[in-house]
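# Survey of secondary and tertiary structure
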Amino acid sequence: MRRSLAPYEADEPLAASFRAKQLQAMLRLTPLSMLVNLFNAGFLAYRLADQSAWLWGWLLVLLFFAYQAMAAWYRAQRRSTRQTASRKAMRRAFRHALGLGALWGALPALLLSSVEVQDQQMLITISCGMICAGGFALVTVPAAAIAYVLVMTAGSMVGLLRTSLPGAEILFCLLVAYSLIVVASVQVMAKSYGSRLVAEADAAHKQQIVGLLLRDFEENSSDFLWELAPNGQLGHASSRLNRALQFDPQQDTAFSLVALIARTHLQQPARVPADAGHYLGQLQTALSTPLPFRDLLVPVVIGDALRWWALTAKPVWPGSSGAPGTPISQVTPGWRGVGADVTDRKHAEDAMHRLAHFDALTGLANRRHFQHRLQQLCGHDGSTPGSAALLCIDMDNFKRVNDAYGHANGDLLLKAVAQRMTSTIRGRDLVARLGGDEFAILLDGVTEVDEARCFATRLMQAIEQPCDLSGISFTPHTSMGIAFLPRDGQQPDEILHHADLALYEAKARGRRQAQFFCMAMDEKAQRRIALEDGLRQALAQRAMHLVYQPQISLRTHQITGVEALLRWSSPRFGNVSPAEFIPVAEEAGLIRDIGLWVLETACTAAHQLPAGLLVAVNLSACQFDDELLVDKILEVVARSGLPAERLELEITESVFLKDTEDVLTALHRLRAAGIRIALDDFGVGYSSLAYLRSFPFHKLKIDRSFVMAILQSAESQAIVRSVIDLASALHMETTAEGIETAEQAALLTQLACTTGQGYHFARPLPLEAATAFAATHLAPGA
Ligand SMILES: Nc1nc2c(ncn2[C@@H]2O[C@H](COP(=O)(O)OP(=O)(O)OP(=O)(O)O)[C@@H](O)[C@H]2O)c(=O)[nH]1
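The protein chain is annotated in an unreviewed UniProt entry as Diguanylate cyclase (GGDEF)-like protein of Rhodoferax ferrireducens.

In structure tokens form, the structure reads like this:
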């Protein structure tokens, strides 16, 4: 029963605090309800005491009850509000209500049958009023209210039963009905009051937790809370924020948050980033737009250090700001938000950004950054496409610097060159390191060839200054390819590719120069790619063939050997000159396989030639990159069954541009195996006599350019004579290439050149024809 009367369910500590609230609510109405009690009681005593003198005694008892109630009320007023109340206090209130109910119930029970009709009506009215008023005045303590109502109702029912008043039965029924309604109402209201108590306790609990968390947040984290009033002034803020901004709420009333942050910048202007205004502007804009914002960065100077804060906030609409009916768009919000010190994160992000956009060695923009700028210039970000000259720059023979002076010195050189480039460009231009020894420069707005050429010349001069590489002076050289945007390409890849093609051309034309892109380069590049593709297929299908050009002894006119020459007749390109396809094969890395195929084919073919004839085969410098070259050659020769002495390998001086030691070791191994070694194209290129001293070649081949001019040019004749004398002194043979006339042959015979080769004797011939030629040129004097 007691449980069903309780307006809530709660554990004891909570129930104790609820009881306190119930009693306090009841006591708040006590003066009023006691006044009503006293008024009614005094009125009744005055009217009926002449008939029933005991009423004075009844009045005295009621006064005593009223005194008790008012004393309790008075005590509650005097002391601070109690947080808890005991069950005993509730029982006291219950007993008090029960007593009061009994006191009031006694009146109708004892008096109703004995007073006059009009007093009976008054008594019934007062009893009904007191039942209702008492029930509702005690509603916050429902057990007391119900006890009071029921006891008083019971007294009234007894009185009605005892009276002979006409219609007393109806009144009896009405009384019972009203009383039940009051009891039910008390129950409902008490339940609703109980729910409110539970909800309030819940909210208070949550608030307490939030308060604790906030305190913990402010005390223990590096984050902070802040509030701005609608006028932009800093309101409540974490003490950490106030300290950082040196904010004094009394003095700094005229400062907005943005102004307070800007004020910190004045302490250490040197520490403030150049774009601080941009960040403050962003904050100002965000605060003037009533929309939530998140992680807005602002630089703040605290002490003598620059810190970065990330601010997050949402607008708080003032409940009473603006006149009633003011549109929301005209109401200025305040702000409530959090801030976090994200300095470490910002530094990490900056470092990541640097790594992602700049080259670690030189500090220049990297390829990605460069591409991004190029895309902007091409209008990829939606802006109007611009114009520019694009220079692709590659250092000449940089690999040799690394090889000769070490990687660290190579790095020093790259840095020096990067620095020289940076000091040559204008502020709006961009210089980037695309990778390795490759750089690029974007000259913004430059469209004229003359202007670009002028810049390229200036740049080359700036770069070609001696550099100190750990005590060694070295002067770097570069090649450049130049293309114009948008004339030579409107897409980043296209323009970069075209500048690259121009660079390729500059390298091919001997390096240390700048070349401008033209469409012919593109066509050439396309043809190179197609040739490379065709070469792969030809190699796979063995669709190339060899021809053999006889070499004739100038003294005996006998054939001494043949030079195997590679020919490619492509279904798509027709007859392609070796001068065109060999460099392609070298660059595509096909030359190793092609070279070995040529060797194998020539060695096998040699069996058809008269015994004793030499077979000369060309080796590309690129083949020497293969560490197993010598083993492979020896294997091919052994497999073919050709005596090693009949094989002559022709190399050019360019092989010595590679690692000379390795090349010499390879040549010595070949020579030791009995293979002859000839130095081809002697006279062109480097013609370093050091090579002749370092390796005992069997033969020097005099380049055709000297032979062709030998009759007309005294210089050519002098060179040829010197080469022959030199070879003779070093016990080497000589072969003159490109002999086309009998006069040239006669002069070379006179100069004691050993053998000759050229159209005068025979063109390069298919194997059968070469075999037939050999057969007819073996006899002396033939
Ligand atoms: N020291 C140094 N060398 C690098 C770096 N990155 C790439 N390289 C080297 O740079 C060289 C680039 O060589 P290439 O451009 O192919 O050839 P090159 O010798 O300059 O010849 P050309 O360009 O034909 O004149 C390679 O040997 C790379 O190993 C680097 O960061 N530091």
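A count of helices and strands for the protein chain gives 26 helices and 21 strands. The buried share of the protein chain, taken over its 782 residues, is 46%. The long-range fraction of contacts in the protein chain, counting pairs at least 24 apart against all pairs at least 6 apart in sequence, stands at 65%. As displayed, the protein chain has an accessible area near 39,400 Å², and 57% of this comes from carbon and sulfur atoms.

Moving on: the nonpolar core. Judged by nonpolar contacts, the single largest core of 86 residues is most densely connected at Leu649, Ile651 and Leu748. Here the element with the most residues in this core is helix H19 (residues 591-605); it accounts for nine residues. Excluding anything up to four places from it in sequence, Leu748 contacts Leu554, Val707, Ile710, Val720, Ile724, Ala736, Ile739 and Cys753. Core analysis: the next-biggest nonpolar cluster, separate from the first, contains 49 residues, Leu55, Met130, Val139 and Leu165 among them.

Here the focus is helix H26 (residues 767-776). Listed as buried for H26 are Leu767, Ala770, Phe773 and Ala774. End-on, the buried residues of H26 take up no more than an arc of 120°, which puts them together on one face. What points out from H26, more than 90 degrees from its buried face, is the exposed set Glu768 and Ala775. Elements in contact with the buried residues of H26: strand S13 (544-553), strand S14 (559-570) and H19.

Within the structure, the ligand sits among 16 residues, and Asn397, Asp411, Asp437, Lys507 and Arg511 are positioned closest to it. Considering the ligand on its own, with 650 Å² of exposed area, one finds that the protein chains cover 67% of that surface. Within the residue set of the shell around the ligand, elements represented by two or more residues are strand S6 (388-395), helix H13 (398-405) and helix H14 (407-424). A per-element tally of the shell around the ligand places H14 first, with four residues. A class-by-class count of the residues in the shell around the ligand yields three nonpolar, five polar and eight charged.

Let us look at unusual backbone geometry. That bond from Leu485 to Pro486 is cis: its omega, 10°, falls within 30 degrees of zero. Tracing the chain through its elements places Pro486 in the loop between strand S11 (478-485) and helix H16 (492-508). Despite not being glycine, Asp681 has its phi angle at roughly 55°, a positive value. Tracing the backbone through its elements, the reader meets Asp681 in strand S18 (residues 676-682). Relative accessible area serves as the criterion here: at 25%, Asp681 is assigned to the partly exposed category.

What counts as what
- Residues numbered from 1 in each chain as written.
- Predicted model: local features only at pLDDT ≥ 70, side-chain atom pairs only at ≥ 80, totals over all residues.
- Heavy atoms only, no water.
- Helix = DSSP H or I, 4+ residues; strand = E, 2+ residues; numbered from the N terminus.
- Buried < 20%, exposed > 50% of the residue type's maximum accessible area, 1.4 Å probe, protein only.
- Contact = heavy atoms within 4.5 Å.
- Areas by Shrake-Rupley, 256 points an atom, 1.4 Å probe, with all protein chains shown as cover.
- Core = buried A, V, L, I, M, F, W, Y, C linked by side-chain atoms within 4.5 Å.
- Arc of directions from axis to C-beta.
- Near = heavy atom within 4 Å.
- Nonpolar A, V, L, I, M, F, W, Y, C, P; charged D, E, K, R; others polar.

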